[in-house]
Amino acid sequence: MTDKLTPVLTKRWLSPNSWTLHTYEQLEGYTALPKALRAEPEQLVQLVKDSGLRGRGGAGFPAGVKWGFMPPNEDKPHYLVINADEGEPGTCKDIPLMMADPHSLIEGCVIASYAMRAHHCFIYVRGEVPHCIRRLNAAVREAYQAGYLGTNILGSGFDLDIVVHAGAGAYICGEETALLDSLEGRRGQPRLKPPFPAAAGLYGQPTTVNNVETIASVPYIVNGGSDWFRGMGTEKSPGPKIFSISGHVEKPGQYEAPLGTTLRELLELAGGMKDGIPLKFWTPGGSSTPLFTAEHLDVPLDFEGAAEAGSMLGTTALQIFNETVSVPWAVMKWTQFYEHESCGKCTPCREGTYWLAQILERMVDGRGTEEDIDTLLDVCDNVLGRSFCALGDGAVSPITSGIKYFKDEFLALCEQNRARNSEPALAGAGS
Amino acid sequence: MTAEAPEEAGTASDAVPLPADSPFGVDTTAKAQRIIALYPQSRSALLPLLHLVQSVQGFVSQQGVTFCANQLGLSTAEVSAVATFYTMYKRKPCGEHLVSVCTNTLCAVLGGDAIYGKLREHLGESGKPLGHEETAGTPGERGSITIEHAECLAACDFAPVLQVNYEYYDNQTPESAVELVDALRRGEKPAPTRGAPLTDFRTVEEQLAVGFDTDPEAVNGPSASAETVRGAQLATDRGWTAPTMPDDAALPPVPEKR
């Protein structure tokens, strides 16, 4: 049985000047790198496979398997691209990680690049976080000076350059192929898959795109081994995970706990619901993951548990809403977000989000009818699974789950509307 | 196919040389060249270059588009297509400061909508609230402020948040936000909750473009507020830890031929 909280990635954050190389080296930093560089790249891929580390960016794909898709030779240049375009509503784990402990990401980048025979690594950070970008750039500079980056790293003969690249404000660039297009200096629009990035990614060359938290976990796995990593979490979802708790709780913040922890346990750690007002609904992993309710307090928050209960683990961004919040209003706000961020490439998502937002705005404004609920579900059905990328699927999650659990609230809006519309007629009849 | 980028670049440019009095002088060109040198293919430098031209003029002007096109051997249409896709590239001159208020669902419910509404009213003139991407004061002059509503700023544990020139001001209220913009209009620069001392929109845009040049001093400043380290602190207080690592965990053997 592990402790309720298992700080691995977040442990160093408590140290003064935690972002400096000096602090990092004092706290076991860059000790995994020499060990990794003495190994064969295939051993590292196997290690990450054995650890069961799954992608922390939302999809949960096994990281070692993804690495294994990279060609075993170096006929072409290979690239590692870090997805640091954190923007999924509710998600706020990678930004604090990069601010507080940028070297853990950089050490992970060197190890992962070596394992995949990449000599160029790009960290694509959303543009709206300049302080994060300053810290990353400073850390990259320190790492070059200390010989952890550049040519012949630690005498191993391995070369790597890292470039920190600032995005420019587009949620869609969190989608890995849109991110690659953006990194190539284009509009951030997703590509058709296959080919997957491991076959044709950045500049059409073999590329792996990994999330910040995924790669920052790698040095610990190298040092601790796969059994140690599997000592936390569940069989199919091993390891610790940063749970970001926000909203109507007493103590919002970042809580690193084993995968499989429940909201009930996390809420207790976060001081409970704010002012004791009861929980109404929550997202397990950002707004693109279907809503949960108070019925789901004991769902184990791992990839399987969240899926079995009808949602997805996503980015473990737990947005907590109490009884005072209107579900149709919240769903409308999220839908406006997806409408704004739809890249416009495919028709179901571009048109679907546009009309969904209008219908929801009409309902919240008190001009909806029961038919609108059916129209919403019908449009959602034409977006889900029919869009070019996962943005469309994410966009319908709040709507379909909101109607599933809180249909009465949507109906009540329509009822109020009908009552209001019939008032003048009654008044007229009376005069 | 994306692999064709290098051939494509250099052939399509319709950009004409900028006039001698263009705001993009030798210094900007030198910075642009250093950015381009970072990438295996030059076009990858386009997003940073657009941040760079924005640092010169406070927005992406037609001249700025031409500058990028010239530097990268692209057509102005290709550059414009990219510039208009991304929220951070502004089509009109920005104020000294850009104030972005998160109005995504979670921030909105905790006060983000109220903050944005209050700022619009407060910065508006003769009863007309200031609109999205509109400026109070004269763009470029001291104390001028452009406001916008923003999507999730990835600081939800600090909700409601706003940013000034993309620096975080956490746990805001309508009152604190009004105080903040009043101070900005007086020419003051209240410190962000997390991050470096406040500068102005154009300085931050330059840092985004040529981050490798960032002043080492700007790296300091507070970062991990109470919310960030709550879990780690609680674990320390209660003596909770991750399992102890073995002294020398062996790596798996080299796998059999793949």
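Draft legend 1. Spotlight on the overall build of chain B. In terms of regular secondary structure, chain B is built from nine helices and five strands. When the helices and strands of chain B are placed in sequence order, the string is α-α-α-α-α-β-α-β-β-β-β-α-α-α. Expressed as a percentage of the 258 residues in chain B, the buried residues total 55%. Carbon and sulfur atoms make up 52% of the accessible area of chain B, which totals about 10,800 Å². Separation of charge centres in chain B, based on 19 positive and 34 negative side chains, amounts to 3 Å.

Draft legend 2. The arrangement of the interface of chain B and chain A in detail. Residue-level contacts link 87 residues of chain B with 101 residues of chain A. Summing the contributions of chain B and of chain A, the shared interface buries around 7,500 Å²; its carbon and sulfur component is 64%. Two residues, K333 of chain A and D113 of chain B, come together in a salt bridge whose shortest N-O distance is 2.9 Å. On inspection of chain B and its partner chain A, the count reaches 32 residue pairs in polar contact (both at pLDDT 80 or more). Of all the secondary structure elements, the ones that give two or more residues to the side of chain B that touches chain A are helix 1 (5-8), helix 3 (46-57), helix 5 (76-83), helix 6 (105-123), strand 5 (167-169), helix 8 (201-209) and helix 9 (230-238) of chain B. Broken down by element, the side of chain B that touches chain A gets its largest block of residues, eight residues, from helix 9 of chain B. When grouped by side-chain class, the residues that make up the side of chain B that touches chain A number 49 nonpolar, 25 polar and 13 charged.

Draft legend 3. Quick look at the packing of helix 6 (residues 102-115) of chain A against helix 7 (residues 130-145) of chain A. Residues and elements named next belong to chain A. At their nearest, the axes of helix 6 and helix 7 sit 9 Å apart, and the two run at 55° to each other. As far as their axial angle goes, helix 7 and helix 6 are oblique. Where helix 6 crosses over helix 7, the two elements pack in a sense that is right-handed. Judged by residue contacts, P102, H103, L105 and I106 of helix 6 engage R135, L136, A139, V140, E142 and A143 from helix 7. Partitioned by chemical class, the residues of the contact of helix 6 with helix 7 number seven nonpolar, one polar and two charged.

Draft legend 4. View of the pairing of strand 7 (residues 279-283) of chain A. All names here are of chain A. A large share of strand 7 lies buried, amounting to five of its five residues. Two strands pair when backbone bridges link them, and strand 7 and strand 8 (residues 292-293) are joined in this way by two bridges, in the antiparallel orientation. Counted as the bridge partner of F281 is T293 from strand 8.

Draft legend 5. Expanded view of unusual backbone geometry. All names here are of chain A. With an omega of -5°, the peptide bond running from K193 to P194 counts as cis. With respect to the helices and strands, the residue P194 is situated in the loop between helix 8 (176-183) and strand 4 (207-211). Following P194, the chain continues to P195 via a peptide bond in cis, the omega torsion being 0°. Structurally, the position occupied by P195 is in the loop between helix 8 and strand 4. For N17, which is not glycine, the phi dihedral falls at a positive 45°.

Draft legend 6. Molecular detail of the packing of aromatic side chains. The final tally for this structure, using the stated rule, is 20 aromatic pairs over all chains. Ring centres 5.0 Å apart and planes at 80° place the aromatic pair Y24 of chain A and Y30 of chain A in the edge-to-face group. For Y30 of chain A, a relative accessible area of 4% translates into the label buried. An aromatic cluster is defined as three or more aromatic residues linked by ring pairs; in this entry it consists of Y79, F122 and Y203 of chain A together with Y39 of chain B. A cation over an aromatic ring shows up here: R135 of chain A above the ring of W19 of chain A, its NZ or CZ 3.5 Å from the ring centre. Above the plane of the ring of Y168 of chain B lies R194 of chain B, whose end atom (NZ or CZ) is 4.3 Å from the centre.

Draft legend 7. Molecular detail of the confidence of the model for chain B. Per-chain confidence: chain B averages 92 in pLDDT, with 94% of residues scoring 70 or above. With a pTM of 0.96, the predicted complex shows an ipTM of 0.95.

Draft legend 8. Highlighting the nonpolar core. Ranked by size, the top nonpolar core spans 169 residues in total, and within it L50 and Y86 of chain B carry the most contacts. In this structure Y86 of chain B touches Y124, A168, G169, A170, C173, S182, R186, R187 and G188 of chain A together with L47 of chain B, once residues within four positions along its chain are discounted. Judged by nonpolar contacts, the second largest core, of 27 residues, contains F292, L301, L318 and I320 of chain A.

Draft legend 9. Structural detail: a nonpolar patch on the surface. There is a patch of nonpolar side chains on the surface, built from F61, V65 and F69 of chain A and spanning about 270 Å² of accessible area. Mapped onto the fold, V65 of chain A is located in helix 4 (residues 63-68).

Draft legend 10. Molecular detail of the side chain of N322 of chain A. Residue and element names in this part refer to chain A. Tracing the backbone shows N322 in strand 9 (residues 317-322). Using a relative accessible area of 3% as the deciding quantity, one classes N322 as buried. Among the polar contacts listed, one links the side chain of N322 to the side chain of T324, at a separation of 2.5 Å. Sequence-distant contacts of N322, defined by excluding residues within four places in its chain, comprise H248, M273, I277, P278, L279 and K280.

Here is what the cut-offs are and how they apply
Residues numbered from 1 in each chain as written. Chains lettered and ligands numbered in written order. Predicted model: local features only at pLDDT ≥ 70, side-chain atom pairs only at ≥ 80, totals over all residues. Heavy atoms only, no water. Helix = DSSP H or I, 4+ residues; strand = E, 2+ residues; numbered from the N terminus. Buried < 20%, exposed > 50% of the residue type's maximum accessible area, 1.4 Å probe, protein only. Areas by Shrake-Rupley, 256 points an atom, 1.4 Å probe, with all protein chains shown as cover. Lys, Arg positive; Asp, Glu negative; His and termini not counted. Charge placed at Lys NZ, Arg CZ, Asp CG, Glu CD. Contact = heavy atoms within 4.5 Å. Buried area = accessible area lost by both parts, 1.4 Å probe. Salt bridge = Lys/Arg side-chain N within 4 Å of Asp/Glu carboxyl O. Polar contact = N/O pair within 3.5 Å; in protein donor to acceptor, adjacent residues only side chain to side chain. Nonpolar A, V, L, I, M, F, W, Y, C, P; charged D, E, K, R; others polar. Axes fitted to C-alpha atoms, helices over the stretch in contact; angles between N-to-C directions. Parallel < 35°, antiparallel > 145°, perpendicular 65-115°, else oblique. Left-handed = near helix turned anticlockwise from the far one by under 90°. Pairing = 2+ DSSP bridges. Phe/Tyr/Trp six-rings, centres within 6.5 Å; stacked < 30°, edge-to-face > 60°. Lys NZ or Arg CZ within 6 Å of the ring centre and 35° of its normal. pLDDT = per-residue confidence, 0-100. Core = buried A, V, L, I, M, F, W, Y, C linked by side-chain atoms within 4.5 Å. Patch = residues over 30% accessible without salt bridge, like charges linked within 9 Å, V, L, I, M, F, W, Y side chains within 5 Å.

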